[in-house]
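Observations on chain architecture
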Amino acid sequence: MKKIFLSLFLISLSFFAFAESVLLKNIFPQNYANLTELTGDKAASMVSSCKNLVDSAVEKLKLGKDFSFTRVFSQKNQGKKIYRILVTSVDLEKLDFPTLESGTYSENDFHWLQSRDHAILQLVVEQNPSGYTLVDYDVTGLWRTDNSGTSIYFSDFIVSSDEDSRKHMHLKAQVPVSIGSTWDGLTKATFMTRGTSLFGTQSAEFTIEEGDSKSTIKIGASDFLADRLSPLKYSLLSAFDKNPKTCYKENSAGNTISMQVSFSMDMAWTKKHGKVRVTQASIINGDSASGNDYFATDRIGTITTEAWNNERDPGSKETMSFTLKDYNLESQTVFLPASEGKNYFVFSTSEIIKGNRHDLSISEFNLKLSGIGWIF
């Protein structure tokens, strides 16, 4: 009997561990493989050291005192130690994290569905000799309603750090949902689609810090294909995570990929590195998870690039284009003969190579700056 009980206990533990790992993978698809959980005294000590950072973030985001359950993960990194603290209103394995399924709800159930209790607060911190420095923080899985309608807000980060610099990308995305009423007074939530697939809007901010100098790069992009269980799986983050097995898939109105990249450097950065000069772009085209995935999906044939001194100076525009080789799952590098000082770029798909599925994809994207190197 004891053996049977022990076996059932071990099976239940395995089930909960598996269920939780699936949840974490769905929430953080680009980062999951690089995270290792801290437990026991190590986790408790770090949460204690970062208590002021956590409390401040909870207060600024108005999440309430219920957000007191914490989990700590270390992240693989070549340089300084980076950690992620997840803060929730219940134990993570009990969290009813949003899945993008339409449904009909009573007034109480819909109120509960929209509550902040489903959200996850994530803090990214970096360890230094004197303690921990906050890199960034945000919530994910939070329902929002404003003048543009109702949506669920998702976010995540890609972070790397070495002795000389720290780079991090902060993605903000929203998946729209239509709210209506049924004849019997229930609330109907319907996630909007293009064709048969869901979509989300997105933008990102990439920051490079070198001592007292700072460069900020804002990135806008076409709407992405929102996965029902793992909303950010095909978002812009997948084009910058250095993993060719993940990809950014669009689900835009025009079925094309477009990215707007805007550079903003402080005086210390400009004094150290000079004016911006983008010299090359590299791209892993299509869905390069496998040969079958590559040929099954649409990929880019030609990209047109427009470069301005800044977004408000259309008279300074320079236009160039480059063609990508097909049957190529490796990185392709192209030269961009843009003049020095061009701070605003638009990369647009001007020719598409058709596959069986019309979800145009890129697996990786990067830009090279003169005197600095590859930035992402």
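Computed from a predicted model, the values in this text were never measured in an experiment. Each residue is numbered by its place in its chain's sequence as written, counting from 1. Given that the model is predicted, a residue must reach a pLDDT of at least 70 before its local features are reported, and side-chain atom pairs must reach 80 or more before they are shown or counted; all residues, however, enter totals for whole chains, interfaces and linings. Where side-chain values are given, they derive from all heavy atoms of the structure, hydrogens and water being excluded.

A short note on the sheet that holds strand E2 (residues 69-75)
So the rule is basically this: We call two strands paired when DSSP finds no fewer than two bridges between them. Helix and strand definitions here come from DSSP, where helices need a minimum of 4 consecutive H or I residues and strands a minimum of 2 consecutive E residues; each element is numbered from the N-terminal end. For helices, the axis comes from a line fit to the C-alpha atoms of the stretch in contact; other axes are also lines fit to C-alpha atoms, and the angle between any two N-to-C directions lies between 0 and 180 degrees. Contacts are assigned to residue pairs with any non-hydrogen atoms lying within 4.5 Å of each other.
The sheet built from five strands is open, its strands ordered E1-E2-E3-E5-E6 with antiparallel pairing. Two strands in the sheet have a free side with no partner beyond their single neighbour: strand E1 (35-38) and strand E6 (131-140). Here the strands of the sheet are splayed against their neighbours by 30° on average, with no regard to which way each runs. As defined by bridge partners, strand E5 (residues 120-128) adjoins E6 across nine bridges and the pair is classed as antiparallel. Its bridge partner being in E6, Leu123 is matched across the sheet by Tyr137. The strands touched by helix H2 (residues 40-49) are E1, E2, strand E3 (82-88), E5 and E6; relative to E2, the strand with the most contacts, the crossing angle is about 105°. Each of E3, E5 and E6 touches helix H3 (residues 51-60); the most contacted strand, E5, lies at about 145° to it.

Considering empty space enclosed by the protein
Operational definition: Think of a 1 Å grid over the protein atoms and nothing else: a 1.4 Å probe that fits but is trapped marks a cavity, an open set flanked by protein within 12 Å on at least five of seven lines marks a pocket, and residues with an atom within 4 Å of a point count as lining. Grid points are joined across faces, edges and corners, and a volume is the space filled by probe spheres set on the points.
Scanning the model with the defined rule gives two cavities of 30 Å³ or more in all. As a volume, the largest cavity reaches approximately 60 Å³. In terms of lining, the largest cavity is formed by Ile257, Ser258, Met259, Ile283, Ile300, Ile303, Phe347, Ser348, Thr349, Ile362 and Phe365. Every element with two or more residues in the lining of the largest cavity is listed here: strand E16 (258-265), strand E18 (299-308), strand E21 (344-353) and strand E22 (361-369). For the lining of the largest cavity, the element with the highest residue contribution is E21, accounting for three residues.

Looking at the environment of Ser203
To keep it simple, the criterion reads: Here's how the labels work: a residue is buried when its accessible area is under 20% of the maximum for its type, exposed when over 50%, partly exposed in between, all with a 1.4 Å probe on protein chains only.
Examined against the element boundaries, Ser203 turns out to sit in strand E12 (residues 197-210). By relative accessible area, Ser203 is classed as partly exposed at 34%. Between the C-alpha atoms of Ser203 and Leu236, which are 33 residues apart in sequence, the distance is 8.0 Å. Discounting chain neighbours no more than four positions away, the residues touching Ser203 are His170, Leu171, Lys172 and Ile219.

Some points on the layout of surface pockets
Selection criterion: Each residue gets one of three labels, nonpolar for Ala, Val, Leu, Ile, Met, Phe, Trp, Tyr, Cys and Pro, charged for Asp, Glu, Lys and Arg, and polar for the others, Gly among them.
Of the pockets and cavities examined, the largest pocket occupies roughly 550 Å³. Lining the largest pocket are 22 residues, and of these Asn77, Ile158, Val159, Ser160 and Lys242 sit closest to its centre. Class assignment of the residues belonging to the lining of the largest pocket gives a composition of six nonpolar, 10 polar and six charged. Together, 20 residues line the second largest pocket, and Lys25, Pro29, Gln30, Lys233 and Thr246 are the ones closest to its centre. Of the residues in the lining of the second largest pocket, the class split is six nonpolar, seven polar and seven charged.

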